[in-house]
Amino acid sequence: MSTGSDPLERIAAALERLAPPAPAAADWLAHPAYVWTGSGTRAVDPLEAPPLGLIKGVDAQKAAVADNVLRLAAGAAAHDMLLWGSRGMGKSAMIRAAVRSAQAAHPGRIALIQAAPDESLAALLTQLRAVDRSFLILLDDLGFDAGDAGSARRLRSWLEGGVEARPANVRLAVTSNRRAIVERHMAEQDDPINPRDVVDDRLALADRFGLSLGFHACSQDDYLAIIAGYCAHFGLTFAEDDALAWSKQRGGRSGRVAWQFINELAGRANRNL
């Protein structure tokens, strides 16, 4: 004969079956890269990135990023980084390439984590604080609109001065199309009450990065040099007129446009990259 508790037990068992399993604890020492989803972690293995030598036209920026990431991997003092400027100039690719290069120099000592600048980042930082490894957290293509001031304030706190500031073994790398990151409106320039304060507040977030690097649109020579470097690496040939026509069709020159042209050349040659 059933007891009065049976229906409750059956309901509890049904709810347990419906509930998603708790995410497995991340092994922060096992993989070269991770994606932080906000509630858990997904391992990325291998870390896909071009060799640093293939990233051309931004040599000074590349040297600064590679040196900074190498310091982090070695356990030395390193900067949080802001890579800002023109689209398609290889900002996030440079971060991945620098991490992979540092991993070759210091095996197992550094990993890349892609994340978003939301409240869950605090939980990630708490986990990483106890790990004997260095981490670079990539916040890619960042921009805060006028209604997202909270995320901007949290990022400032993580960078510097807040009680949840990132631990010593973690640095942030942010890519953005604007140096100021936070959206600005022309009306702010016409504000008669301390207009400069408004601008300074927008730039205050950018100023918290120890390393801020600008990426600007390719010159024609840089664009052709990028293509020539790719062609030499992959054993392809190209005509300058063809490469320039390709960039005109796409409305500009950038590392991304150059890579798309290389992909076209490989396809014409019945090659895969």
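Keep in mind that this is a model prediction, so the values were computed, not measured.

A. The overall build of the chain, seen in detail. Within the chain one finds ten helices and seven strands. A separation threshold of at least 6 residues defines the contact pool for the chain, and within that pool the share at least 24 residues apart is 69%. By element, 51% of the accessible surface of the chain is carried by carbon and sulfur atoms, the whole surface being about 14500 Å².

B. How the structure looks around the side chain of Arg 171. Tracing the backbone through its elements, the reader meets Arg 171 in strand 6 (residues 170–176). Of the buried charged residues, Arg 171 lacks a salt bridge, with Asp 80 as the closest side chain of opposite charge at 4.6 Å. Within the structure, Arg 171 has its side chain in polar contact with the backbone oxygen of Ala 168 (distance 3.3 Å). Among residues more than four places away in sequence, those in contact with Arg 171 are Leu 72, Ala 78, His 79, Asp 80, Phe 135, Leu 136, Ile 137 and Arg 166.

C. Just unusual backbone geometry, in detail. Cis geometry marks the peptide bond from Asp 45 to Pro 46; its omega dihedral reads 10°. Structurally, Pro 46 is set in the loop between strand 2 (41–44) and helix 2 (59–73). In this model, Asp 141 sits at a positive phi of 55°, which is unusual for a non-glycine residue. With respect to the element layout, Asp 141 can be found in the loop between strand 5 (134–139) and helix 5 (149–159). If you check the backbone angles, Asn 270 has positive phi at about 60° while not being a glycine.

D. Fine view of the nonpolar core. Membership of the largest hydrophobic core comes to 46 residues, with the highest contact counts inside it found for Val 65, Val 69, Met 81, Ile 95, Leu 136 and Tyr 223. In contact with Met 81, other than residues within four places in its own chain, are Val 65, Asn 68, Val 69, Ile 95, Leu 136, Leu 172, Ala 173, Val 174, Phe 209 and Leu 211.

E. Geometry of the packing of helix 8 (residues 220–234) against helix 10 (residues 255–268). For the pair helix 8 and helix 10, the least separation of the axes is 9 Å and the interaxial angle reads 40°. With respect to their mutual orientation, helix 8 and helix 10 come out oblique. Of the two possible hands of crossing, helix 8 and helix 10 adopt the one that is right-handed. Across the interface between the two elements, Tyr 223, Ile 226, Ile 227, Tyr 230, Cys 231 and Phe 234 from helix 8 touch Gly 255, Val 257, Ala 258, Trp 259, Phe 261, Ile 262 and Leu 265 from helix 10. Among the residues making up the contact of helix 8 with helix 10, the classes are represented as twelve nonpolar, one polar and no charged.

F. Up close: the pairing of strand 5. Within strand 5, six of the six residues are buried, leaving the element largely enclosed by the surrounding structure. Pairing of strand 4 (residues 110–114) with strand 5, which is carried by five bridges, proceeds in the parallel orientation. When the bridges of strand 5 are listed, Ile 110 appears paired with Ser 134. Where strand 5 and strand 6 come together, five bridges link them in parallel fashion.

G. Spatial organisation of the confidence of the model for the chain. Averaged over all residues, the pLDDT of the chain equals 83, while 78% of them reach at least 70. Helix 6 (residues 186–189) is the least confidently modelled element of the chain, averaging 46 in pLDDT, while strand 4 averages 97, the highest of any element. Residue range residues 185–190 is modelled with pLDDT below 50. Its contacts to residues more than four positions away, or to other chains, number eight contacts.

H. Just the sheet that holds strand 4, in detail. Here we have seven strands laid out as an open sheet, ordered 2-1-4-5-6-3-7, and mixed in their pairing. A single partner strand is all that each edge strand has here, and the edge strands are strand 2 and strand 7 (211–215). Averaged over all adjacent pairs, the angle separating strand axes in this sheet is 20°, with direction ignored. Along the sheet, helix 2 makes contact with strand 3 (81–85), strand 4, strand 5, strand 6 and strand 7, crossing strand 7 at roughly 150°. Packing against the sheet, helix 3 (residues 91–105) makes contact with strand 3, strand 4, strand 5, strand 6 and strand 7, and its axis sits at approximately 155° to strand 4.

So, how was this worked out
Residues numbered from 1 in each chain as written. Predicted model: local features only at pLDDT ≥ 70, side-chain atom pairs only at ≥ 80, totals over all residues. Heavy atoms only, no water. Helix = DSSP H or I, 4+ residues; strand = E, 2+ residues; numbered from the N terminus. Contact = heavy atoms within 4.5 Å. Areas by Shrake-Rupley, 256 points an atom, 1.4 Å probe, with all protein chains shown as cover. Buried < 20%, exposed > 50% of the residue type's maximum accessible area, 1.4 Å probe, protein only. Lys, Arg positive; Asp, Glu negative; His and termini not counted. Salt bridge = Lys/Arg side-chain N within 4 Å of Asp/Glu carboxyl O. Polar contact = N/O pair within 3.5 Å; in protein donor to acceptor, adjacent residues only side chain to side chain. Core = buried A, V, L, I, M, F, W, Y, C linked by side-chain atoms within 4.5 Å. Axes fitted to C-alpha atoms, helices over the stretch in contact; angles between N-to-C directions. Parallel < 35°, antiparallel > 145°, perpendicular 65-115°, else oblique. Left-handed = near helix turned anticlockwise from the far one by under 90°. Nonpolar A, V, L, I, M, F, W, Y, C, P; charged D, E, K, R; others polar. Pairing = 2+ DSSP bridges. pLDDT = per-residue confidence, 0-100.

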